[in-house]
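Here is how the chains run, residue by residue.
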Amino acid sequence: MVDALGVAVVGFGWMGRVHTQAYARVAHHFPGLPLRPELITVADEVPGRGEEAAARFGFASTTRDWRDVAADPRVRAVSVTAPNFLHREIGVALAEAGKHIWIEKPVGLTAEDARAVADAVAKAGVQGAVGFNYRNAPAVEAARELIVSGSLGTVTHARVRLFSDYAAHPDAALTWRYERERGGSGVLGDLASHGADLARFLLGDITSLIADTAIFLPERARPAGATAGHSRAAGGELGPVENEDYVSCLLRFASGARGVLEACRVSVGEQNNYGFEVHGTEGAVFWDFRRMNELGVSRGTGYQDQPVSTVYVGPGDGEFGAFQPGAANAMGYDDLKVIEAYRFLRSVAEGVPYGATLADAVRSARVLDAMVRSAESGAWVTVDPPA
């Protein structure tokens, strides 16, 4: 028997649409899921945006105040895709109202914010999932299996990169993303949060680091009205960019491995150049998000001149089989969010967490906080250990 689960989406920019489409698709890819999401309401303060979402996707109602979602008895689970500075207030309130939450990273502006949401979820006894979507790629899960199984020997060092050009245009509008009070630590919260999660997912906890940050485009034009995504605002009044365009970081892991994490939002010529390279004493594994369903794998005892093979993930890897029947059939970004939706809904159905949780968000946020402290001091800093 399949039970209906009333869901809501708070914040209907691009990511709100992605979550909504994931809810619509999840039953097709995971027919054994005992819950069927029903779109109850969408909340967005921008006039007309909620109504447009309801018309396109079939929400039963709309509101401009997310508090109406917390009070709605029809809603049992909520996607929080609002701007970062609202994550803590919304996440805590929804958990206290007894709603399961699927919240986008970085879950607030600091580790304190992420911990507040995590504590509220734990106290309320609800489930909390976090949008670390790249770890859901079947190739990433296959890479983790290679690492954990010892197929690469002892991991010695790794590199995680996240380069994008979404903010490279000098006319990009000065939205909340570029303000310290509302956007937090810039590219750290936006891209490096994914990098910290990937590094931890693959190699375990990060114990210490040293970081350097920079702002390369110090001014942008203020937008004249509401914005969505990465809008442009040529000719508007200029204001200062308050948070980081770029971060580079040396990492030390609890295992003894070393790492490099680098992220930039203004990399001209780079479109979603996200990936990692992990090296061990007997091999290496390489992943590029732009070739999401492939791994470069080197294994054996040749050591010097040991070749790298291209491996296509298939139905035995992660959730690949829910989307494609055989290896080398492509999956895309939105499929990763469908996997995320499935794991969130499965968590709700079974009362056991699956996939990235708020504990993962707290650990990632502690890495980001350590980056900020290190960039300010110019010194190695210790990452606060898990509570």
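Residues numbered from 1 in each chain as written. Predicted model: local features only at pLDDT ≥ 70, side-chain atom pairs only at ≥ 80, totals over all residues. Heavy atoms only, no water.

1. Details of the packing of aromatic side chains
Tallied over the full model, the rule gives 15 aromatic pairs. Through successive ring pairs, a cluster of aromatic residues spans Trp-14, Tyr-134, Tyr-274, Phe-276, Trp-287, Phe-289 and Tyr-333. Geometry around Trp-380 places Arg-252 over its ring, the cationic atom sitting 3.9 Å from the centre. For Arg-346, the ring lying beneath its charged end belongs to Tyr-354, and the centroid distance is 3.9 Å. (Phe/Tyr/Trp six-rings, centres within 6.5 Å; stacked < 30°, edge-to-face > 60°. Lys NZ or Arg CZ within 6 Å of the ring centre and 35° of its normal.)

2. Remarks on the sheet that holds strand β2 (residues 35-43)
With parallel pairing, the six strands of this open sheet are ordered in space as β3-β2-β1-β4-β5-β6. Each end of this open sheet is capped by a strand with a single partner; those strands are β3 (61-63) and β6 (128-130). Taking the axes of each pair of neighbouring strands and ignoring which way they run, one obtains an average angle of 25° across the sheet. The pairing of strand β4 (residues 77-80) with strand β5 (residues 100-103) spans four bridges and is parallel. Along β5, the bridge assignment pairs Ala-77 with His-100. (Pairing = 2+ DSSP bridges. Helix = DSSP H or I, 4+ residues; strand = E, 2+ residues; numbered from the N terminus. Axes fitted to C-alpha atoms, helices over the stretch in contact; angles between N-to-C directions.)

3. Considerations on a nonpolar patch on the surface
On the surface, Leu-250, Val-260 and Trp-380 cluster together into a nonpolar patch covering about 240 Å² of accessible area. Structurally, Val-260 can be placed in strand β12 (residues 258-264). (Patch = residues over 30% accessible without salt bridge, like charges linked within 9 Å, V, L, I, M, F, W, Y side chains within 5 Å. Areas by Shrake-Rupley, 256 points an atom, 1.4 Å probe, with all protein chains shown as cover. Salt bridge = Lys/Arg side-chain N within 4 Å of Asp/Glu carboxyl O.)

4. Observations regarding helix α8 (residues 187-203)
In this model, α8 (17 residues) spans 22 Å end to end at C-alpha, consistent with the 24 Å of a helix rising 1.5 Å per residue. Along α8, the helix axis deviates most sharply at Ser-193, where the bend reaches about 35°. Of all 17 residues making up α8, 17 are buried, and the element is well covered by its neighbours. Backbone geometry just downstream of α8 places Gly-204 in the positive-phi region, at approximately 95°. (Expected span 1.5 Å × (residues − 1). Bend = angle between axes of the 7 residues up to and from the residue. Buried < 20%, exposed > 50% of the residue type's maximum accessible area, 1.4 Å probe, protein only.)

5. Points about the pairing of β2
Burial runs high along β2: seven of the nine residues are buried. One ladder, built from eight bridges, connects strand β1 (residues 3-10) with β2; its direction is parallel. Looking at the pairing, Ala-4 lines up with Arg-36 of β2. For the segment spanning β1, helix α1 (residues 14-29) and β2, crossover handedness is right-handed. Relative to β3, β2 runs parallel, the two being bridged by three bridges. Across the sheet, Ala-43 pairs through a bridge with Thr-63, a residue of β3. Handedness of the β2-helix α2 (residues 49-57)-β3 crossover: right-handed. (Right-handed = clockwise from strand over helix to strand, strands pointing away.)

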